[in-house]
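Structural characterization, general
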Amino acid sequence: MDRKWWKESVMYQVYPRSFYDSNGDGIGDLRGILEKLDYLQQLGVDMVWLSPVYKSPNDDNGYDISDYREIMPEFGTLDDWRELLDGMHRRGMRLVMDLVVNHTSDEHPWFVEARKGKDNPCRDYYIWRPGKNGAEPNNWASFFGGSAWEYDPGSGEYYLHLFTRKQPDLNWENPRVRQEVYALMRWWLDQGVDGFRMDVINMISKAPGLPDAPVHSSRRYQFGGQHFIHGPRLLEFLDEMKREVLCHYDLFTVGETPQESVATALELIDEESGSLHSVVQFEHMDLDVQDRGSVQRLSLAPWKLADLKETLDRWQIGLQGRGWNSLYLSNHDQGRAVSRFGDDGAYRVVSAKLLATLLHLQQGIPYIYQGEEIGMTNVRFESIEQYRDVETLNFYREAVEERGMDPQAALALIHAKGRDNARTPMQWSAGEQAGFSQGTPWIGVNPNYPQINVEQALADPDSIFYYYQKLIRLRREHPLIVYGDYSPLLVEHPQIYAFRREWQGERLLVMLNFSRESALFELPPDFPLPESPARLLLSNYPVEDSAGLQHITLRPYEGRAYLMK
Ligand code: ISL
Ligand code: CA
């Protein structure tokens, strides 16, 4: 595989609304990010993905854009943005912008026009259909509850919205829409941005005729993914985008692609023939839902280590030599990694480090979601009034009011899976409002901020922060960690996730105990023994003995990596 700068990078995701508020209005902003660039540099990341900062009525916190070439006023101005870009570039960091072009806001001028009537020149920018038998044009469910169609009394037709009704889907069949998208991409690239994270980009091509989804639940509306995920013209559209825009710039592109398999992902990111560099796959995010084929993210089933290993290993092996993974355990749409895959109680610090080891030592680009590097946890707000996320609020209303779910049961699901877990303000200090804002934050801070915050982490040499910093440094020092071949070890072991990396005669052995009990690591008999003694590269516990690799007893959530020739 070719060496590329982006393969050697580590991504940090900033969710601007919750990162740092520089002016006391309770909302994180661009100047706030600017003030914290030295912090990011200290951590060592070299790519930053900014969740959307464009003008937006914020029905979905910026994922509903009303002007692609303006900054949301509460985040700042274009000049602030330019200063931020410049600040990043001066520190050797690259900026990846969120590109949300499956849909716009219903307040975008295109939609305002389109709504004016069937003859409007912008009408065909969106997907309009007459009703069927006095109801919606088809049975598709919106990801955020209810039908994916909204009735427009003015014209007597419905428009499609896979997300909220304030997020109408763009009609990619219309070549003018595609040219508009390419133009806005060029506009940002010409300002110097270094890449795009493309929101639900695998949903832009819908099946002709928009057929009904098969009925697989007792709900009124059904998950229609088979008719819009990886749709018939997706590859053609992305190929065109590559020809028109992407291939003219030195940039990094990653598609956010729910429900994609290794095989279908490769159609998007194959190094020879694909249009994008990487995808964010969702299989490991679906290990703890009850019905993987539904839209219902807010359901809970216990996940099993065997499934996590099987899933991530399959992506490691499947993309090897052909495409590049995006490695992540959390983002702004998911619960906090340590609460979900580790232990946010007694073993919080050590299990957060264990997860970091997994994240950084597989092949691909590690994505650190803000606060993960200090082990921030899920929040348990007591009342639904304290929540802000449209998915969570819609879910609660539908579950409790329409389906009669016990409110406490609904809240328990929200505590485990709700997106606001990731959106409580970044915890900078033990001061008021976790040092996030001088005012009242738009969403409450997690009450554990006096214990878990950046100030504490920076003062403690043994903190999760410094462990992340070390992992990032090791990646730079050892091309093996970036490019090494991957092979799973001990696949049947119920507690340990182990694997090997190999590159130019060097090997890395990684062993991770994912349980609260100690676990015995036994080197598989066919593992080629090192010529010289293995060197302990990293561990999340103090390690004294160097008794060899054959038998190692790993303590609860202990992880180690050994380097050998
Ligand atoms: O994962 C999903 C289904 O498998 C859905 O939750 C959905 O595809 C996912 O939430 C898409 O997320 C992105 O687009 C949304 C936005 O709300 C999210 O914040 C964004 O990351 C609509 O733009
Ligand atoms: Ca602010």
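It should be noted that the structure appears before, not after, this text.
Residues numbered from 1 in each chain as written. Chains lettered and ligands numbered in written order. Predicted model: local features only at pLDDT ≥ 70, side-chain atom pairs only at ≥ 80, totals over all residues. Heavy atoms only, no water.

Some thoughts on the pairing of strand β20 (residues 559-564)
Of all six residues in β20, six are buried; the element is thus mostly enclosed. The side-chain alternation of β20 yields two buried faces, one formed by Gly559, Ala561 and Leu563 and the other by Arg560, Tyr562 and Met564. Relative to β20, strand β16 (residues 506-513) runs antiparallel, the two sharing six bridges. When the bridges of β20 are listed, arginine 507 appears paired with methionine 564. As judged from the four bridges shared by strand β18 (residues 535-539) and β20, these two strands associate in the antiparallel manner. Across the sheet, leucine 536 pairs through a bridge with tyrosine 562, a residue of β20. (Buried < 20%, exposed > 50% of the residue type's maximum accessible area, 1.4 Å probe, protein only. Helix = DSSP H or I, 4+ residues; strand = E, 2+ residues; numbered from the N terminus. Pairing = 2+ DSSP bridges.)

Regarding the sheet that holds strand β5 (residues 94-99)
One closed barrel accounts for eight strands, arranged β1-β2-β5-β9-β10-β11-β12-β13; its pairing is parallel. The sheet shows a mean angle of 25° between the axes of neighbouring strands, taken without regard to direction. Sheet topology note: the strand β1 (residues 11-14)/strand β2 (residues 47-50) ladder contains four bridges and is parallel. Note that in β2 the partner of tyrosine 12 across the bridge is valine 48. Where helix α3 (residues 78-90) meets the sheet, its contacts fall on β2 and β5, and the angle it forms with β5 comes to roughly 135°. The sheet strands contacting helix α10 (residues 348-361) are β12 (324-327) and β13 (365-369), and the helix crosses β13 at an angle near 145°. (Axes fitted to C-alpha atoms, helices over the stretch in contact; angles between N-to-C directions. Contact = heavy atoms within 4.5 Å.)

Brief notes about the packing of helix α5 (residues 175-190) against helix α6 (residues 234-244)
Two elements in contact, α5 and α6, have axes separated by 11 Å at closest approach and are oriented at 40°. As far as their axial angle goes, α6 and α5 are oblique. Viewed along their axes, α5 and α6 form a crossing whose handedness is right-handed. Counted together, Arg178, Gln179, Tyr182, Met185 and Arg186 of α5 and Phe237, Glu240, Met241 and Glu244 of α6 form the full contact between these two elements. Residues that form the contact of α5 with α6 fall into these classes: four nonpolar, one polar and four charged. (Parallel < 35°, antiparallel > 145°, perpendicular 65-115°, else oblique. Left-handed = near helix turned anticlockwise from the far one by under 90°. Nonpolar A, V, L, I, M, F, W, Y, C, P; charged D, E, K, R; others polar.)

Some points on empty space enclosed by the protein
Per the stated rule, a full pass over the model turns up five cavities of 30 Å³ or more. Approximately 470 Å³ is the volume found for the largest cavity. Lining of the largest cavity is provided by 32 residues; of these, Phe143, Phe163, Pro258, Phe282 and Arg297 occupy positions nearest its centre. In the lining of the largest cavity, the residues fall into 13 nonpolar, seven polar and 12 charged. The wall of the second largest cavity is formed by 13 residues, among which His284, Leu312, Leu327, Tyr328 and Gln362 lie closest to the centre. For the lining of the second largest cavity, the secondary-structure elements that each account for two or more residues are α8 (305-319), β12 and α10. (1 Å grid on protein atoms, 1.4 Å probe; cavity = no way out; pocket = protein on both sides within 12 Å on 5 of 7 lines; lining within 4 Å. Points joined across faces, edges and corners; volume = space filled by probe spheres on them.)

Re the layout of surface pockets
Estimates place the volume of the largest pocket at around 970 Å³. In terms of lining residues, the largest pocket is bounded by 42 residues, among which Ser142, Phe144, Gly145, Gly146 and Glu398 are the most central. Among the secondary structure elements, those contributing two or more residues to the lining of the largest pocket are β7 (149-152) and α11 (390-402). The element contributing the most residues to the lining of the largest pocket is α11, with seven residues.

Function-wise, these values are silent; they only describe arrangement.
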